[in-house]
Amino acid sequence: MIYLSQLLGNPVLDADGEKIGTVSDLGIATGEVFPRVTSLAFMGPGRTPIMISWRKYVERYDENEVNLKVIATDLRFSYLQPDEVLLARDILNKQIVDTHGMRVVRVNDLKLSDTSSTQLRLLGAEVGARGLLRSLHPALESVALRLARTFGHPMPERIIAWNYMDLVERDLSNVKLSVSHKTLDDMHPADIADIIERLDPRLRGQVFAQLDDEQRADAMAEFDDDAMAAELMGSLNETDASRMLAEMDPDDAAELVSELDYDKAEKLLRLMGVQEQRAIRQLLGYRENTAGRIMTSEVATVPDDATVADAVEMLRGLDEDFESVRYVYLTDEDGKLAGVVTLPGLIVADPETRLSELATEDLITASPEDDQEDVAEDIAKYNLLAMPVVNDEGRLLGIITVDDALDVLEEEHAEDLRVAGGSADGEDSGHASTLIWLVRRNVWVVLWAVGVVALALVAGTRLGLGETLAATIPLAVALVLADDSVSYVTNFFLENDPDDEDAPSALGFAFKGLGLGVALGALVVLIVLGLESVIASPAVPSSVERLGPALSAGGVAAAVSTFVSFATTPIYLAVLRRRDEANKETSGFTLSLVSMLVAVVVFLAAVLALAGPLGLVR
């Protein structure tokens, strides 16, 4: 096997052995399972770009040079055909879509088969570290392989076969990549959305624009990042954007429109059909995070006096892009919800049977003003595939489907993780993420070191090095307890809804925080006093015994710091609730960091205040 990096830059020699240039690229015919190299591109005299037919002119090649069959004067230039691409220009160091692994990767090198002295075929793209090292210098790859074998960690190639590659950096819509190729057009909308989200920002709009209206609409509904979805839609012209919105389910379209500025949203809505525009405006009329905002108005309904045959006929007349039907809802002449029939019930029933005989009338419904999280939890609790939304008069307004409920629960879970200081991503991005995780989980160590240095700088020569270290030992305990105080706040916030009558009051929470602060502060003092008594024993050298007062000062300062940490918990609770009401996310890690910084400041102030009375100052 041979790699593109091993061929680029090699000399090109004619039949007389004269050097006429250096290899700059290879062209391939894309319409094959393993594409043949069809063209050789090289830089000729005076850096003139030249392209010739590989089959017609190349005699042989290796890792050092390319030999031609004819002399330089007999060469005839060729041009890239519509079904051809250049490996270095179009694929190397570019992003591609791995349609087998459903991911976006960067091509570091390209692997070629050299089964004969003249014919070359592309096998696939090298997307691993070996390709990157090889492209820099072959010696780097050799050294890395030896080191990997020495430490017992093999370094395999990461090759993506050509028939699983989809190019995204050029508009190759007229190029047939492979006879068995799976392209973005064949992928599930969720996979397309995931891939576009992982692309470089400059490529997202380019790839998104190549999808048709239906594909755009389906993929747009699957984006996790609403801001990115709005940005992509903004890259389309108004007519295309409006047409795409019309293809989307009303609830998904309303959510997307809500991310746009008012003028842009109004322009797009006015370009839509009257029916689609009315459905989206109706949903936008409800407050965010309510059942009305996530419901869809596409509901399969029939009169309450209809038969099974009538319902089947209604279902047959629905559009292909109609919201997935799980139930058929019965309404009376005033539009009030009268019952529901499941699809399995329709299938097995006699066509002439009245639906009222099959319908379930004791229904679990939601109001459009209900909190979306409560509705989602009810859908999960009662194992529903959809929940009807009715107004105060009982009129059917729409339904909330199980997929929308799952999205709500996922969003709430991710938000709870962020508040609690965890990660909502769930993906391991390698050593960098591991290091960040370690720092986040052990930030108190960093702040403890900062406290030691700060005390040494503030106290100057008034405290010796030994006294400074002894005084700051209890700071570690104060920092851990400050972190725990935020965990106490976030747990209370997540478990207790302020609108729930049975939830503990904020006043009770504040008093409990004060009690915990006093109890834990006293515990810190007792632990430090115990350590000081050990230091004061006759068996301990006098050089260590003199550090006892400094340790006592640190213990009292840590107790004061701990009390302040828990006494201020109502402030953090108020911040969490206020930001939650404003639909703003709050990071639990940020709260912990603030609490620990406050703990350090309080600790240092207390130690300096106690230094004089305890005789620590020189």
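What you are looking at is a predicted structure, and each value in this text was computed from that prediction instead of being measured. (Residues numbered from 1 in each chain as written. Predicted model: local features only at pLDDT ≥ 70, side-chain atom pairs only at ≥ 80, totals over all residues. Heavy atoms only, no water.)

A closer look at the confidence of the model for the protein
Rule in force here: Summary of the metric used: pLDDT quantifies the predictor's per-residue confidence within the range 0 to 100. We call two residues in contact whenever any of their non-hydrogen atoms come within 4.5 Å of each other.
Averaged over all residues, the pLDDT of the protein equals 80, while 82% of them reach at least 70. Note on residues 169-182: pLDDT under 50 across the span, and 46 contacts to partners over four residues away in sequence or across chains. Note on residues 424-434: pLDDT under 50 across the span, and 6 contacts to partners over four residues away in sequence or across chains.

Let's talk about the side chain of threonine 290
Quick reminder of the rule: Helix and strand assignments follow DSSP, with helices taken as H or I runs no shorter than four residues and strands as E runs no shorter than two, numbered in order from the N terminus. Under the rule applied, a polar contact is a pair of N or O atoms within 3.5 Å (in protein, one hydrogen donor and one hydrogen acceptor; residues adjacent in sequence only if both atoms are side-chain atoms).
Among the structural elements, threonine 290 can be located in the loop between α13 (274-284) and α14 (291-294). One polar contact links the side chain of threonine 290 to the main-chain carbonyl oxygen of proline 368, over a distance of 3.5 Å. For threonine 290, the residues in contact, after removing those within four places along its chain, are Pro368, Glu369, Asp370 and Gln372.

Quick notes on the packing of aromatic side chains
Worth spelling out the cut-off: Ring pairs shown here join Phe, Tyr and Trp side chains whose ring centres sit within 6.5 Å, with only the six-membered ring taken for Trp; geometry is labelled stacked below 30 degrees between planes, edge-to-face above 60, and tilted in between. Note on classification: 1.4 Å probe, protein chains only; a residue is buried when its accessible area is under 20% of the maximum for its type, exposed when over 50%, partly exposed between these limits. For a ring to carry a charge above it, either NZ of a lysine or CZ of an arginine must fall within 6 Å of the ring centroid while also lying within 35 degrees of the normal to the ring plane.
One pass over the structure, following the stated rule, counts 5 aromatic pairs. Measuring from ring centre to ring centre gives 5.0 Å for tyrosine 488 and phenylalanine 509, while their planes differ by 10°; the resulting arrangement is stacked. With tyrosine 488 in helix α22 (residues 465-495) and phenylalanine 509 in helix α23 (residues 506-535), this pair connects stretches of sequence that are 21 residues apart. The pair formed by tyrosine 488 and phenylalanine 509 is uniform in burial state, with each residue classed as buried. In this structure an aromatic cluster arises from ring pairing among Tyr488, Phe492, Phe509 and Phe566. One cation-aromatic arrangement involves arginine 134 over tyrosine 3; the distance from NZ or CZ to the ring centre is 3.6 Å.

A look at the environment of isoleucine 294
Within the secondary structure, isoleucine 294 sits in helix α14. Residue class for isoleucine 294 comes out buried when judged on its relative accessible area of 14%. Linking isoleucine 294 and valine 408, residues 114 residues apart in sequence, is a C-alpha distance of 9.0 Å. Sequence-distant contacts of isoleucine 294, defined by excluding residues within four places in its chain, comprise Asp251, Gln372, Ile400, Asp404 and Val408.

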